[in-house]
Amino acid sequence: MYSKSKKQFKESKKYLAGGVSSHFRMIFHPVPLTYKSAKGSKLTDIDGNIYIDYALAAGPIVLGHAPNEVLRAVKKSLKNGQLYYGQHETEIKLAKKITQIIPSAERVRFASTGSEAVHAAIRLSRGYTKKKIILKFHGQYHGWFDNQMLGINPLNKNNKVYNSYGTNMESMGQLPSSAEDIISIPWNDINVLKKTIKKYKKDLAAIIMEPIMCNTCVILPKEKYLEEVRKICTQNKIILIFDEVITGFRIKLGGAQEHLNVTPDLSIFAKGIASGFSLSCLVGKKKIMDFLAMNKVIHGGTYNSSVLNTVAALKTIEIIQKQKNIFYKRLDIVRKKLTDEFYKIAKKKNININIQGIGSIFHISFTEKTILENHKDYLETDLNTSQKFIRKMQDNKIRITGRGTWFISYAHTNTDIKKTIKSFSKSLDCLNN
Ligand code: PMP
């Protein structure tokens with residue numbers, strides 16, 4: 001089933017470090033597979049296996065792979081050049097559009113990846129407030145840079161390097177000195193947050209969070225949690241940053257902030273905004289964003305707002321807006337159809353599962369718990385079974401992310417749903433094999 005991919009992986013290790021181009025692609029079974037094409041909801045590997053794809057490039061593919069309208073627009077733009085080392089009209093049109101659709105966006109800065117835009121948000125927050133500490137939350141991933149990749153797996157005993165606030169590094173080579181002044185605490189617990197604020201408020205520049213914790217089994221904020229955090233930030237002159245790299249364009253065009261009606265000071269959008277083209281943006285309040293000015297906070301990037309990436313993003317927004325309410329309703333319906341059936345099947349087979357999701361994102365955990373509220377709850381689920389399940393689903397031609405997060409695209413069809421439900425049932429049956 002995977003013989004060509006296995007052979008290819010052996011070969012690729014001779015040239016690519018570790019055989020991959022991102023650490024997070026190392027995890028797949030039986031080796032990281034090699035793919036040859038993707039269209040709509042399907043992904044094809046070099047062995048000819050065709051998967052219904054719910055990994056969707058770890059999120060970006062909202063319309064489906066290779067959407068014709070986006071490709072046509074990009075193709076048309078190619079002959080006009082890719083990079084000018086200067087401004088262009090599409091970039092301005094796109095920025096205007098973004099200020100109309102994202103509640104917190106009074107000004108926009110483009111970058112190429114989520115990590116870069118988060119980095120800009122951290123530097124801007126420190127520059128604007130003249131304070132140094134950034135508060136983040138256990139289990140939340142904001143990028144792979146030295147000052148971002150902390151406190152993601154705080155209970156993992158292998159991580160023994162900590163900064164002076166007790167926040168753990170995640171990678172060899174990450175020095176406490178380059179990751180100082182980052183504190184990580186449990187999310188969704190307002191009392192822990194209040195205690196931390198009390199202790200550090202005079203040094204706290206920003207609080208950064210995924211407003212819905214998609215990187216850990218899709219955890220929704222408890223009632224009033226975000227509203228309380230918003231209030232605390234305003235009272236203490238702390239910048240509130242929403243990392244909407246996953247939630248952006250996957251729940252509503254305006255992100256989780258539109259859906260939950262809480263407006264941060266700064267936010268980062270990436271993955272979903274450009275149909276797989278590499279565009280991210282930092283958006284926020286004018287008075288803060290205007291610190292990205294001459295002789296103040298510096299942010300650069302040769303490839304920022306390339307013609308091709310901005311054309312792809314503008315077209316993606318146009319397509320979603322053309323569908324009016326139908327777009328997000330349909331994604332919601334697909335999620336509900338799948339997850340309702342999954343629950344029914346698991347119940348029949350006496351297997352305890354928990355599914356948490358919103359919009360076009362969901363996660364299945366193997367646990368008796370009916371609700372998971374934080375990273376600790378997630379760690380108490382049966383992660384071994386979860387990994388086995390992901391592998392079995394792949395053998396049954398359904399691809400989900402290595403963490404077990406499912407993404408749905410506008411290209412997923414009723415036939416896909418039926419096939420997925422069948423594969424789900426089959427995969428549960430062979431969990432013990
Ligand atoms: N923030 C969040 C919430 C993410 O999920 C990710 C990527 N998984 C990032 C930031 C980093 O984005 P990128 O991989 O584009 O650097």
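Criteria and cut-off values
Residues numbered from 1 in each chain as written. Predicted model: local features only at pLDDT ≥ 70, side-chain atom pairs only at ≥ 80, totals over all residues. Helix = DSSP H or I, 4+ residues; strand = E, 2+ residues; numbered from the N terminus. Rg over C-alpha atoms; globule rule 2.2 N^0.38 Å. Buried ≥ 20, exposed ≤ 12 C-beta atoms within 10 Å, placed from the backbone. Contact = placed C-beta atoms within 7 Å. Arc of directions from axis to C-beta. Pairing = 2+ DSSP bridges. Right-handed = clockwise from strand over helix to strand, strands pointing away. Domains from an automatic or database assignment. Near = placed C-beta within 6 Å. Nonpolar A, V, L, I, M, F, W, Y, C, P; charged D, E, K, R; others polar. Core = buried A, V, L, I, M, F, W, Y, C linked by C-beta atoms within 7 Å. Axes fitted to C-alpha atoms, helices over the stretch in contact; angles between N-to-C directions. Left-handed = near helix turned anticlockwise from the far one by under 90°. Expected span 1.5 Å × (residues − 1).

Colleague: Even after reading the chapter, I still don't get the overall build of the protein chain, so can you show me in this structure?
Modeller: Counting secondary structure elements, the protein chain contains 13 helices and 14 strands. Over its C-alpha trace the protein chain gives a radius of gyration of 21 Å, about what one expects of a compact globule, namely 22 Å for 433 residues. Looking at the protein chain residue by residue over its 433 residues, the buried ones come to 46%. In the protein chain, of all internal contacts separated by at least 6 residues, the share reaching a separation of at least 24 is 71%.

Colleague: What should I look at first to understand helix H6 (residues 225-235) in this one?
Modeller: Each α-helix winds once per 3.6 residues, and so residues spaced three or four apart point in a common direction. Residues of H6 that are buried: Tyr225, Leu226, Val229 and Cys233. Buried residues in H6, looked at end-on, bunch into an arc of 95 degrees, giving them a common side. More than 90 degrees from the buried face of H6, the exposed residues found are Lys231, Thr234 and Gln235. Among the structural elements, helix H5 (190-200), strand E7 (204-209), strand E8 (239-244) and helix H7 (255-260) are those in contact with the buried residues of H6. Among the residues trailing H6, Lys237 stands out with phi positive, at a value near 55 degrees.

Colleague: Got a minute to help me understand the pairing of strand E2 (residues 42-45) in this structure?
Modeller: Walk down a regular strand and you will see the side chains alternate between the two sheet faces. Across the two faces of E2 the burial differs, with Leu43 and Asp45 buried and Lys42 and Thr44 not buried at all. Examined bridge by bridge, E2 and strand E3 (residues 50-53) share three bridges and lie antiparallel to one another. The partner of Leu43 across the bridge, within E3, is Tyr51. Between E2 and E3, which pair antiparallel one after the other, the connecting turn spans four residues, and Gly48 there sits at a positive phi close to 90 degrees.

Colleague: Is there a simple way to think about the pairing of strand E9 (residues 266-269) in this case?
Modeller: Side-chain alternation along E9 places Leu266 and Ile268 on one buried face and Ser267 and Phe269 on a second face that is also buried. Of the strand pairs in this sheet, E8 and E9 are connected by four bridges, and their pairing is parallel. Looking across to E9, one finds that Glu244 is bridged to Phe269. As for the winding sense of the linkage, the β-α-β connection from E8 through H7 to E9 is right-handed. Note: E9 against strand E10 (residues 280-284), four bridges, orientation antiparallel. Looking at E10, one finds that Ile268 is bridged to Leu282.

Colleague: Looking at this structure, how should I read the domain arrangement of the protein chain?
Modeller: Bring the parts together and some accessible area is lost; that lost area is often taken as the interface size. When the domains of the protein chain are assigned, the result is domain 1 (3-66 + 325-429) and domain 2 (68-322). For domain 1 versus domain 2, the separation of C-alpha centres amounts to 25 Å. Only helix H10 (326-348), strand E11 (353-358), strand E12 (361-366) and helix H11 (375-379) provide two or more residues apiece to the side of domain 1 that touches domain 2.

Colleague: Explain the site of the ligand to me, please; I cannot follow it from the model alone.
Modeller: Near the ligand lie 14 residues; those nearest to it are Thr113, Gly114, Ser115, Gly143 and Val245. Among the elements that make up the shell around the ligand, the one with the highest residue count is helix H4 (residues 114-129) (three residues). Tallied by class, the residues present in the shell around the ligand amount to six nonpolar, six polar and two charged.

Colleague: Looking at this structure, how should I read the nonpolar core?
Modeller: Nonpolar side chains in soluble globular proteins tend to be buried together. Counting 107 residues, the largest nonpolar core has Ala121, Ile207 and Ile239 as its most contacted members. In terms of residue count, the dominant contributor to this core is H4 (seven residues). When residues of this core are assigned to domains, at least three map to each of domain 1 (3-66 + 325-429) and domain 2 (68-322). Residue contacts for Ile239: discarding those within four places in its chain leaves Ser125, Tyr128, Thr129, Ala205, Ala206, Cys233, Asp265, Leu266 and Ile288.

Colleague: Hey, could you run me through the packing of helix H3 (residues 89-101) against helix H9 (residues 307-322) in this one?
Modeller: When two helices pack together, their arrangement is captured by the angle between the axes and the distance separating the axes. Packing of H3 against H9 leaves a shortest axis separation of 9 Å and a crossing angle of 40 degrees. Our pair here, H3 against H9, has a crossing hand that is left-handed. Residues Thr90, Glu91, Lys93, Leu94, Lys97 and Ile101 of H3 pack against Val307, Thr310, Val311, Ala313, Leu314 and Ile317 of H9. Residue classes in the contact of H3 with H9 are distributed as seven nonpolar, two polar and three charged.

Colleague: Explain the sheet that holds E7 here, please?
Modeller: Working definition: the strands of a sheet are paired by backbone hydrogen bonds and lie parallel or antiparallel to each other. Read across the sheet, seven strands follow the order E4-E10-E9-E8-E7-E5-E6 without closing on themselves; strand pairing throughout is mixed. The open sheet has two edge strands, strand E4 (107-111) and strand E6 (182-185), and neither has a second partner. Adjacent strand axes in the sheet meet at a mean angle of 20 degrees when their direction is disregarded. Taken strand by strand, H5 contacts strand E5 (133-137), E6 and E7, and its axis lies near 155 degrees from that of E6. Sheet strands in contact with H6 are E7 and E8, and its direction is about 140 degrees off that of E8.

Colleague: Explanation requested: the sheet that holds E3 in the structure shown.
Modeller: A sheet is described by the order of its strands in space; here four strands give the open sequence E1-E2-E3-E13, paired in mixed fashion. The sheet is open, and its two edges are formed by strand E1 (35-39) and strand E13 (398-399), each paired on a single side.

Colleague: Help me understand H4, please; the structure alone is not making it clear to me.
Modeller: The end-to-end C-alpha distance of H4, which contains 16 residues, comes to 22 Å, matching closely the 22 Å that a straight helix rising 1.5 Å per residue would cover. In terms of burial, H4 is largely enclosed, as twelve of its 16 residues are buried. Gly114, Ser115, Glu116, Ala117, Val118, His119, Ala120, Ala121, Ile122, Leu124, Ser125 and Tyr128 are the residues of H4 that are buried. Two residues or fewer after H4 comes Lys130, characterised by a positive phi angle close to 60 degrees.

Colleague: I keep staring at the environment of Thr316 and nothing clicks. Help me out?
Modeller: Its location among the elements puts Thr316 in helix H9. Overall, the presence of 27 C-beta atoms within 10 Å leaves Thr316 in the buried class. Considering only alpha carbons, one finds Thr316 and Ala274, 42 residues apart in sequence, at a separation of 6.2 Å. Among residues more than four places away in sequence, those in contact with Thr316 are Leu63, Val70, Ile273, Ala274 and Ser275.

Colleague: Looking at this structure, how should I read the environment of Ile61?
Modeller: Locating Ile61 in the fold gives a position in the loop between E3 and helix H2 (68-78). In this structure Ile61 comes out as buried when scored by C-beta crowding, with 25 C-beta atoms within 10 Å. In sequence terms Ile61 and Leu314 are 253 residues apart; their C-alpha atoms lie 15 Å from each other. The contacts of Ile61, once residues within four sequence positions are left out, are Leu56, Ser275, Gly276 and Ser409.

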